[in-house]
Amino acid sequence: MEKEKMFHYKVNCRVKFDKKELDYHISTAREYLNGLFGKSTKCCSVEVFNHNEFPHSDCSGAYHHSCNKICIYYSEDHDSFFSLLLHEMTHNKLHDILGNPPRWLDEGLAQYAVFKNGKVIPGKIKMNSLETILNSAIKDELMPLDYLINGDSFNCNRSLAYAESWSFIHFLINTYRFNKYFKRFKDTKREFFNEDEIKNLEPRWIAYLDLITTSQEACL
Ligand SMILES: [Zn+2]
Ligand SMILES: [Zn+2]
């Protein structure tokens, strides 16, 4: 246990940062991910950049599969900084145990938990994503599940693909369907769902979206 703690994440922080706090949050995130997916084997490097020297222009965090490295830029809002780090650490974990996972699964799981006041909160409703989905649903432009999973969804409509992936993972986990499918996928490395399963899950996912929308409206 200690070994993994010390060696799994190699952090290079180019920003003045309380190292204890950084280590503490990384270890909190690591415990959460280990609990869900089991321990990792390969070492992952984490580079924390200043905003102005961040090497990627279209995002604030990135995970590089080929060199097993996380690039992230520092933000003073600690909850969003550590949420982004957790997002990229989830990618690292999934790539470590699955090789190259399907994009909807990778992004859906990476969005499932966030940091709030230094704690990992799984399953928080992402209001922005819910809104993106509702706006598309109103225009009848929701991407069908089969397209999200097997089509070119992330190139076709990136923000909708992220939102739908988040909601579909939320549905699978909260209706206790996730573990069974995930284990089968991990063990067989074959397609995550077959055609019949997608057909069967689609109306249930839509009904789930209605349910969480109604319950969120009730909370407002
Ligand atoms: Zn990078
Ligand atoms: Zn991502």
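Residues numbered from 1 in each chain as written. Chains lettered and ligands numbered in written order. Predicted model: local features only at pLDDT ≥ 70, side-chain atom pairs only at ≥ 80, totals over all residues.

Participant: Help me understand the pairing of strand S5 (residues 113-116) in this model?
Facilitator: The two faces of the sheet receive side chains in turn, since in a regular strand these alternate between them. Side chains of S5 alternate between two faces, with Ala113 and Phe115 buried and Val114 and Lys116 left unburied. As judged from the four bridges shared by S5 and strand S6 (residues 119-122), these two strands associate in the antiparallel manner. Pairing of Lys116 across the sheet is with Lys119, part of S6. What sits between the antiparallel neighbours S5 and S6 is a turn of two residues, in which Asn117 has the positive phi angle 50°. (Buried ≥ 20, exposed ≤ 12 C-beta atoms within 10 Å, placed from the backbone. Helix = DSSP H or I, 4+ residues; strand = E, 2+ residues; numbered from the N terminus. Pairing = 2+ DSSP bridges.)

Participant: Whenever I open this one, the packing of helix H3 (residues 78-98) against helix H4 (residues 103-110) confuses me. Can you help?
Facilitator: Any two packed helices are characterised by the angle at which their axes cross and by the distance between the axes. Contact geometry of H3 with H4 gives a least axis separation of 8 Å together with a crossing angle of 140°. When the axes of H3 and H4 are compared, the pair comes out oblique. Pair H3 / H4 crosses with right-handed handedness. Along the contact surface, H3 presents His87, Thr90, His91 and Leu94, while H4 presents Asp106, Leu109 and Ala110. (Axes fitted to C-alpha atoms, helices over the stretch in contact; angles between N-to-C directions. Parallel < 35°, antiparallel > 145°, perpendicular 65-115°, else oblique. Left-handed = near helix turned anticlockwise from the far one by under 90°. Contact = placed C-beta atoms within 7 Å.)

Participant: Looking at this structure, how should I read the domain arrangement of the protein chain?
Facilitator: By a frequent convention, interface size equals the accessible area lost on bringing the separate parts together. Taken domain by domain, the protein chain comprises domain 1 (2-122) and domain 2 (127-219). On a C-alpha basis, the centroid separation for the pair domain 1 and domain 2 is 24 Å. Taken together, the contacts link eleven residues of domain 1 with twelve residues of domain 2. Counting residues per element, the ones that place at least two in the side of domain 1 that touches domain 2 are H3 and H4. Broken down by element, the side of domain 1 that touches domain 2 gets its largest block of residues, six residues, from H4. When grouped by side-chain class, the residues that make up the side of domain 1 that touches domain 2 number seven nonpolar, two polar and two charged. (Domains from an automatic or database assignment. Nonpolar A, V, L, I, M, F, W, Y, C, P; charged D, E, K, R; others polar.)

Participant: Quick question: what am I supposed to make of the pairing of strand S3 (residues 61-64) here?
Facilitator: The alternating pattern of S3 places Gly61 and Tyr63 on a buried face and Ala62 and His64 on a face that is not buried. Where S3 and strand S4 (residues 69-73) come together, four bridges link them in antiparallel fashion. Within S4, the residue paired with His64 across the bridge is Lys69. As consecutive antiparallel partners, S3 and S4 are separated by four residues, and within that stretch Asn68 has a phi angle of approximately 55°, a positive value.

Participant: Can you help me understand the nonpolar core in this one?
Facilitator: In summary, soluble globular proteins display a tendency toward joint burial of nonpolar side chains. Counting 39 residues, the largest nonpolar core has Leu85 and Leu86 as the members making the most contacts within it. Among the elements that make up this core, the one with the highest residue count is helix H8 (residues 158-174) (nine residues). Residue contributions to this core reach at least three from each of two domains, namely domain 1 (2-122) and domain 2 (127-219). Look past the residues within four positions of Leu85 in its chain and what remains in contact with it is Ala29 and Ile72. (Core = buried A, V, L, I, M, F, W, Y, C linked by C-beta atoms within 7 Å.)

Participant: When you look at the environment of Lys124 in this model, what are you seeing that I'm missing?
Facilitator: Inspection of the secondary structure assignment puts Lys124 in the loop between S6 and helix H5 (127-138). Judged by the 13 C-beta atoms lying within 10 Å of it, Lys124 falls in the partly exposed class. In this structure, the C-alpha to C-alpha distance between Lys124 and Trp205, residues 81 residues apart in sequence, is 17 Å.

Participant: Could you clarify how one ought to interpret the sheet that holds S3 in this entry?
Facilitator: Sheet strands pair via backbone hydrogen bonds, and the direction of the pair is either parallel or antiparallel. Read across the sheet, four strands follow the order S1-S2-S4-S3 without closing on themselves; strand pairing throughout is mixed. Only two strands of the sheet have a single neighbouring strand rather than two, namely strand S1 (9-13) and S3. Taken pair by pair, the neighbouring strands of this sheet meet at an average axis angle of 15°, ignoring direction.

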